[in-house]
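Architecture and fold: a report
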Amino acid sequence: MTLPTDQHTEGKKNVTFRVFRFNPQVDSKPYFDDYTIPVERGITVLRSLNYIKEHIDGSVSFRAFCQAGICGSCSMRVNGLSQLACTTQVWDVLAKSREPGIIKVEPLRNLPLIKDLIVDMDPLVGKMVHYSNWIDSTMPEAQMGKKEFLISEEEFLRYDKATDCILCASCVSECSILRANKEYVSPAVLLKSYRMSVDSRDSMHEQRMAELVKDHGVWDCTHCYRCQESCVKSIPIMDAIHGLREDAIESRGKNDTSGSKHAEAFMTDIEKKGKLIEATLPIRTNGVVWTLQNLLPMAMKMIMKRRTPLPPPLVKSVKGIKIFRTMFREMTEHVKQDQKSHKK
Amino acid sequence: MKPFDIVIVGGGGAGLYAAMEAMKTNPALNIAVLSKVYPNRSHTSAAQGGANAALGNKAKDDTVEMHIFDTIKGSDYLADQDAVDVLCSEAPKIIRELENMGTPWSRLEDNTIAQRPFGGAGRPRCCYCSDKTGHTILQTLYEQCLRKGVIFFNEYFALNLSVSGSCSNGLIAMNMKTGKVEAFPAKTVILATGGYAKMYWNRSSNAAGNTGDGQAIAYRAGIPMKDMEFVQFHPTGLRKSGLLVTEGARGEGGYLLNKDGERFMARYAPEKMELGPRDLVSRSLETEILQGRGFDSPAGKYLHLDLTHLGADLIKSRLPQIREMSMNFEGVDPIEEPIPVRPTAHYSMGGIDTDNQTRTIMDGVYAAGECGCVSVHGANRLGGNSLLDILVFGRIAGRTAAEEAGKFRPGTISEAELNEQLQEVRGGMQASGRYERYGELREELGQTLALNVGIFRESSLLQKGIEDIAELKERFKKVRIFDTSDVFNTNLMQVLELKNMLDLAETVAAGAFAREESRGSHTRIDFPVRDDAKWHKHTLTTLVNGKVTLGEKPVTMGRYELQERTY
Ligand SMILES: Cc1cc2nc3c(=O)[nH]c(=O)nc-3n(C[C@H](O)[C@H](O)[C@H](O)COP(=O)(O)OP(=O)(O)OC[C@H]3O[C@@H](n4cnc5c(N)ncnc54)[C@H](O)[C@@H]3O)c2cc1C
Ligand code: SF4
Ligand code: SF4
Ligand code: FES
């Protein structure tokens, strides 16, 4: 049996879908099942999975609803990358497949597995609640419906892109911090927090920020950009994260938390040496004792696993550091001035 | 489980607004929202166009009265005029309310909520947020419900009402994560499960789960359905999936072509061409296909929506979404090739019969949103009026249930009843011998509906449709459920959805067969004109002793007399 075809088809390709399987009722550990079907151009990964479910194995389990890239149900990892199955073309994936003719389909990472390709979204909703991902309107409920807030196009544009988020959790699955720390706020929740905090109708900016600057919050992000690269709606998530950090420093001061101190130490390094002194950054941020207790063991592990190179113990200044320093000072001055005039 | 004051089935716009309003009306109440998908995934998120309200931001001379008239005329005079009054008068307030809570509406230059023209409306009164209006409304409502601490039962599949005599005891639902059938004893139940247009399957623009579950639940409990024969078709659905290519493509100058390369709209609407009203364009496409001028493919016959002459720049800058859709779902880049399209079932005007306060005939059971039928859309709904409908009547449902919960006592739902449901639900897992595949039945249901209960209807076709549905129901008894596990059994869920569609399809076909006239979306070749003397009334379909039984209900008139509907 084959998938419905065109009259002017350019042929079909036999594709093997290597599907991650796990049913907690019977399996002690996950395994993969291979299903080979002929697929023509224009068929998505979701349609292929539907076909497999309807014709070959009814027990293959995955979520899907709108089938049009708008509801966020069908996110999964296709050849290692988290994306929406319903908007991903099989032939496109094949063209980049490392193993010819094989497409590997796995559940999202960083969320608890329920069955096959289905993960539990509750932790993400829990974080949305924890970080108050809503507008608490400045308008009392009894007044609502009578008149509009007047909002400029400029303000609208500040959160327009962020409201594209469909909570598919692809970014969550790709986030490097979440792999180590499941309590981390998550990129999508940071994005939503940002969207709320730049909305002039909102009244709980301070409370939300107070949560965001705590452990597992906005300062834990490593700037790896993986979330942004994987966002299915091409949302500039990093702009939101940077926006929140600037906001945190501005509204709570530089010495508020280890995170903001880290940001300051970062700036100091760059100014002095033109690059980061990675080895001592944690010590200056959190103090010597904390670093020894918390970071050294993990750093050693990471070095052993070759995730990170050994930090050079003594960092030399980069060439041309003098010119760089002047430029850097000018730049920071500039930014400060800019922020001031913005406030007015 | 301890009894609830209100159980809301559905986490779309209607269900969420109901939940918020009920909490506001009486914060002491114990309220639960059940949804088979996470609320933010509901189909409300698919609405791109916008929601109508006579705010007068764009056209200063727009009035609620004009909105009322447009809606009544659009409905081909089948809407109840008192209900339309409520819909349109509440509109400005509810749109502002959403704005006050944080919905990111697009803005006009004077910083007020932006509005744009929409089909069938005399003034530009459609409020929007880019092309993601439904999505942002749903986000706002979900966020506000989380803020207020609404109790959600996500990924619970509602199975049936538990009924004693003429009273509801509450709801029975399956927890998808565990496969357990659980009781939700409740004083009141609000059904807000969305539309049923997915019964046309691949010829529908709807999400896979728009299978009319709430309507089927009510129908099986003996509650009448209203005007089920009215299903709106959109002219340009993608051939393979039925997904929508919005009017924008034709608005920018796209051509509709048949297999002879002819711009066939010249035959049907020589002046407006591709930009004629939705139902007319749908009928034109269907006629071309029926008369053999369509393209052939295993996925069905189709026509071309040609944008190639518009050029890459325009397509990329003005129609990026449409290009993306067409590449993602047809593998066709509209810059280089025409898009394969055909009409697609889009919206269900019919639904559970309710009064203006969303009450059904059963004490303590209410219905709102696309699932209910007040009726404000009559024989044809206007674009931008359904988002409005779900908000306005979702809110009324929440308020009414909260006010009336005190009048009812929650019934008890016995272990025995739960067990019986569980056995019934899992019956298909034991199927032995020759069995049926749900995928095939579902596909065949969509086909027979599109062919026989589709855009053009006629006595013998409808008869065939009714027979096909009966036969499919017979075959359904032997359907096999391949996944036998308890945990997240999507196979089982799809079979249950198919059952709901089959139950409801019967009412759609029966209503269409009975109604011997053409009105709004319902076109009978054998009865081509509107017949007010005989048919200016609502159709009711009720399940009596296992059979569809037809009834009727008068249309509430008001200030507007019957007129011919011309544009
Ligand atoms: C492509 C498209 C574009 C549209 N554009 C517009 C537009 O521009 N303007 C406009 O006004 N209208 C538009 N509409 C129509 C409008 O979007 C819908 O009518 C409306 O969103 C329906 O909302 P609802 O709350 O009634 O149902 P839905 O949003 O469909 O929600 C139904 C809810 O019920 C739940 N549910 C269903 N069955 C069960 C069950 N068995 N157990 C538990 N829960 C269940 C679902 O999980 C879901 O949460 C469009 C529709 C489509 C398909
Ligand atoms: S940039 Fe930050 S939030 Fe994004 S993936 Fe990396 S660590 Fe996670
Ligand atoms: S930010 Fe992008 S990837 Fe992350 S949940 Fe939202 S839409 Fe998905
Ligand atoms: S099914 Fe909705 S995004 Fe894929």
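Every value quoted in this text rests on a predicted model; they were computed, and no experiment measured them.

Moving on: the overall build of chain A. Looking only at helices and strands, chain A features 14 helices and seven strands. In chain A, which comprises 344 residues, the share counted as buried stands at 49%. Partitioning the intrachain contacts of chain A with sequence separation of at least 6 by distance along the chain shows that 66% fall at a separation of at least 24. In the form shown here, chain A has an accessible surface area of approximately 17500 Å², with 55% of it arising from carbon and sulfur atoms.

Before going further, it helps to spend a moment on the overall build of chain B. A tally of regular secondary structure across chain B gives 16 helices and 21 strands. Taking 567 residues into account, the globule formula puts the C-alpha radius of gyration at 24 Å, and chain B, at 23 Å, falls close to it. Considered along the principal axes of its C-alpha atoms, chain B spans approximately 65 × 65 × 50 Å. Per-residue burial for chain B yields a buried fraction of 66% across its 567 residues. Intrachain contacts of chain B at a sequence separation of at least 6 include 73% that bridge at least 24 residues.

Residue and element names in this part refer to chain A. Taken together, 13 residues lie near ligand 3, and Cys-165, Cys-168, Ala-169, Cys-171 and Cys-231 sit nearest. Judged by the proximity of its atoms to the pocket grid, ligand 3 belongs to the largest cavity. A per-class count over the shell around ligand 3 returns eleven nonpolar, one polar and one charged.

On to the site of ligand 2, then. Residues and elements named next belong to chain A. Of all residues adjacent to ligand 2, which total 13 residues, the nearest are Cys-175, Tyr-184, Cys-221, Cys-224 and Cys-227. Contributions of two or more residues to the shell around ligand 2 are made by helix 6 (176-180) and helix 10 (237-252). By residue class, the composition of the shell around ligand 2 is ten nonpolar, three polar and no charged.

In this section: the confidence of the model for chain A. In this model, chain A carries an average pLDDT of 84, and 74% of its residues clear a pLDDT of 70 or more. Ignoring residues within four places in sequence, the model shows residues 1-9 of chain A, a span with pLDDT below 50, making 28 contacts including any to other chains.

The next thing to look at is helix 3 (residues 122-130) of chain A. Within helix 3 of chain A the residues assigned to the buried category are Leu-124, Val-125, Lys-127 and Met-128 of chain A. For helix 3 of chain A, the angular spread of the buried residues around the axis is 155 degrees, confining them to a single face. If you follow the buried residues of helix 3 of chain A, they end up packed against helix 5 (170-174), helix 6 and helix 7 (187-197) of chain A together with helix 4 (133-148) of chain B. Note on helix 3 of chain A: the residue one or two positions beyond its end, Ser-132 of chain A, has a positive phi of about 45 degrees.

To continue, consider unusual backbone geometry. With an omega dihedral of 15 degrees, the bond running from Val-374 of chain B to Ser-375 of chain B counts as a cis peptide bond. Along the chain, Ser-375 of chain B falls in the loop between strand 17 (372-373) and helix 11 (385-404). Within the chain, Asn-79 of chain A stands out as a residue other than glycine whose phi angle is a positive 45 degrees. Along the polypeptide, Asn-79 of chain A turns up in the loop between strand 3 (75-78) and strand 4 (81-84). Of note, the phi angle at His-216 of chain A is positive, near 70 degrees, even though the residue is not glycine. Residue position: His-216 of chain A is located in the loop between helix 8 (205-212) and helix 9 (226-230).

Turning to the environment of Leu-29 of chain B, a few remarks are in order. All names here are of chain B. One can find Leu-29 in the loop between helix 1 (13-25) and strand 2 (31-35). Here Leu-29 falls in the buried class, since its relative accessible area comes to 17%. Each C-alpha atom of the pair Leu-29 and Phe-4 lies 8.0 Å from the other, and the pair is 25 residues apart in sequence. Setting aside residues no more than four positions away along its own chain, Leu-29 makes contact with Asp-5, Ile-6 and Ala-402.

Criteria and thresholds
Residues numbered from 1 in each chain as written. Chains lettered and ligands numbered in written order. Predicted model: local features only at pLDDT ≥ 70, side-chain atom pairs only at ≥ 80, totals over all residues. Heavy atoms only, no water. Helix = DSSP H or I, 4+ residues; strand = E, 2+ residues; numbered from the N terminus. Buried < 20%, exposed > 50% of the residue type's maximum accessible area, 1.4 Å probe, protein only. Contact = heavy atoms within 4.5 Å. Areas by Shrake-Rupley, 256 points an atom, 1.4 Å probe, with all protein chains shown as cover. Rg over C-alpha atoms; globule rule 2.2 N^0.38 Å. Near = heavy atom within 4 Å. 1 Å grid on protein atoms, 1.4 Å probe; cavity = no way out; pocket = protein on both sides within 12 Å on 5 of 7 lines; lining within 4 Å. Sits in = over half its atoms within 2 Å of the grid points. Nonpolar A, V, L, I, M, F, W, Y, C, P; charged D, E, K, R; others polar. pLDDT = per-residue confidence, 0-100. Arc of directions from axis to C-beta.

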